[in-house]
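Examination of the molecular architecture
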Amino acid sequence: MTAALPNLPALTPDDALNAICPYWTMFPLDFPLGALADGRPGEWVLDPFCGRGTTLFAARKLQMPSVGIDSNLVAVAIAQAKLVSPRPASIVRLAGELLDGPAAREPQGEFWRWAYSPAVLQALCRLRAGLIGREDAVAVGLRGVLLGCLHGQRNKRAASYLSNQMPRTYATKPAGAVRFWRARAMSPPELDVLEVIARHARRRYGRAPAPVPGAVRLGEAAQALAGMRRRFDWVITSPPYPGMATYRPDGWLRGWLLGGPPAPDYDRAGQLGALRGELFIAGLARVWRATAARCRPGARLFVRFGALPSGRGGDPGELLLSSLRLAGGWEVRSLRCAGVPPGNGARQAGQLPGAGEHVPEVDLLALRAG
Ligand SMILES: C[S@@+](CC[C@H](N)C(=O)[O-])C[C@H]1O[C@@H](n2cnc3c(N)ncnc32)[C@H](O)[C@@H]1O
């Protein structure tokens, strides 16, 4: 089964791939692009807490190969989608083949009946079943596209998202979502899944930057680094704030699409943000130590970091400096205020439970000691 790609206006810059799917606490593309301003094509870039792969995309734009690590499967799937270059038509062809495949079992319950129309839910289940275990570039691209259109706001023009009204950055929990839809008598949209996929595929991959070598590893950063052989010239990263460990439950619907359970997953394994105080500092120090071991002398480490509002978790600059002192191997060159994150809910400080007064973030630069 094939579908014609709809006629879309010419795409302006090639950053659309970076926005393929939002992620809880993503940082803006400007941060890694600015950090890598002196980078040279071919120099290797690392992000040990890569989230949606913003650093990896910035590196790709600059023709620098990169490696990302994250302990959350959803982050890894989005970041992987930033490294591949499938043709939009190939993504649509694969989606069509999977949609023509055998019927797939659907999750049961009120949430699913309110979230998706019956035809859309069956389509999603077929795509989900067909993509599990596939790692080729076209499947990685289709997975990224699906993660990006799985849920989001409804608009009056052509439907962009497959779900009933939901935020795009995170998934509402099932009971709250059903309450919301029922109170407003909002029914899920009836739409052509293949057409939505085609539109997103064309938009995200129509003008992606030229591909560069790279990889994304699923795992705890210090452990994953210990198993690597490569040497890096640049590290650009943003560790979770202490106390910030809701990445899996906030991305539970996307986690389901990747093969996870049809309900929020509260497992905090591998989440540094689940630790507080000295334990957090020690955990972060382990990652800096493992990172230093994989970096060339003179390699630059750029970190953006913040804290929970109301002072919980401690001063971000002090935490960062303590963790680097404990790790050894890094010479801190500068620590400056990065300002208060925008309150649009996309960055860490905008999303914290009870977040009222945002704590300014800090930007740190350190060099790998020679
Ligand atoms: C602040 S987010 C990174 C956001 C990223 N800069 C972006 O633009 O999307 C921190 C990430 O660290 C991951 N993480 C937390 N603890 C980890 C650990 N011990 N090892 C690897 N990743 C971890 C979380 O899953 C989360 O995706």
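Residues numbered from 1 in each chain as written. Predicted model: local features only at pLDDT ≥ 70, side-chain atom pairs only at ≥ 80, totals over all residues. Heavy atoms only, no water.

**Observations regarding the sheet that holds strand 5 (residues 295-305)**
Here we have seven strands laid out as an open sheet, ordered 3-2-1-4-5-7-6, and mixed in their pairing. Sheet topology places strand 3 (214-218) and strand 6 (330-339) at the edges, where each strand pairs with a single neighbour. Neighbour-to-neighbour, the strand axes of the sheet open up by a mean angle of 15 degrees, direction not taken into account. Relative to strand 5, strand 4 (residues 232-237) runs parallel, the two sharing five bridges. Of the residues in strand 5, the one forming a bridge with Trp234 is Arg300. On the sheet, helix 3 (residues 73-81) packs against strand 2 (66-70) and strand 3 and is oriented at approximately 170 degrees with respect to strand 3. Strands in contact with helix 13 (residues 277-293) are strand 1 (45-47), strand 4, strand 5, strand 6 and strand 7 (361-368); relative to strand 5, the strand with the most contacts, it is inclined by about 145 degrees. (Pairing = 2+ DSSP bridges. Helix = DSSP H or I, 4+ residues; strand = E, 2+ residues; numbered from the N terminus. Axes fitted to C-alpha atoms, helices over the stretch in contact; angles between N-to-C directions. Contact = heavy atoms within 4.5 Å.)

**Comments concerning the site of the ligand**
Lining the immediate environment of the ligand, one finds 23 residues, of which Tyr23, Arg52, Thr54, Asp70 and Ala221 sit closest. In the model, an oxygen atom of the ligand is placed 2.6 Å from a nitrogen or oxygen of the Asp70 side chain. A distance of 3.2 Å separates a nitrogen atom of the ligand from a polar atom in the backbone of Ser71. Protein contact buries 99% of the 610 Å² of open area that the ligand shows by itself. (Near = heavy atom within 4 Å. Polar contact = N/O pair within 3.5 Å; in protein donor to acceptor, adjacent residues only side chain to side chain. Areas by Shrake-Rupley, 256 points an atom, 1.4 Å probe, with all protein chains shown as cover.)

**Focus on the domain arrangement of the protein**
In terms of domains, the protein is made up of domain 1 (16-80 + 209-368) and domain 2 (88-205). For domain 1 versus domain 2, the separation of C-alpha centres amounts to 28 Å. Facing 26 residues of domain 1, the contacting portion of domain 2 comprises 29 residues. Between domain 1 and domain 2, a total of about 2,600 Å² is buried, with carbon and sulfur atoms accounting for 69% of that surface. Here domain 1 is connected to domain 2 by one salt bridge. The closest approach of N and O atoms between Asp250 and Lys173, which form a salt bridge, is 3.5 Å. On the surface where domain 1 and domain 2 come into contact, there are 11 residue pairs in polar contact (both at pLDDT 80 or more). (Domains from an automatic or database assignment. Buried area = accessible area lost by both parts, 1.4 Å probe. Salt bridge = Lys/Arg side-chain N within 4 Å of Asp/Glu carboxyl O.)

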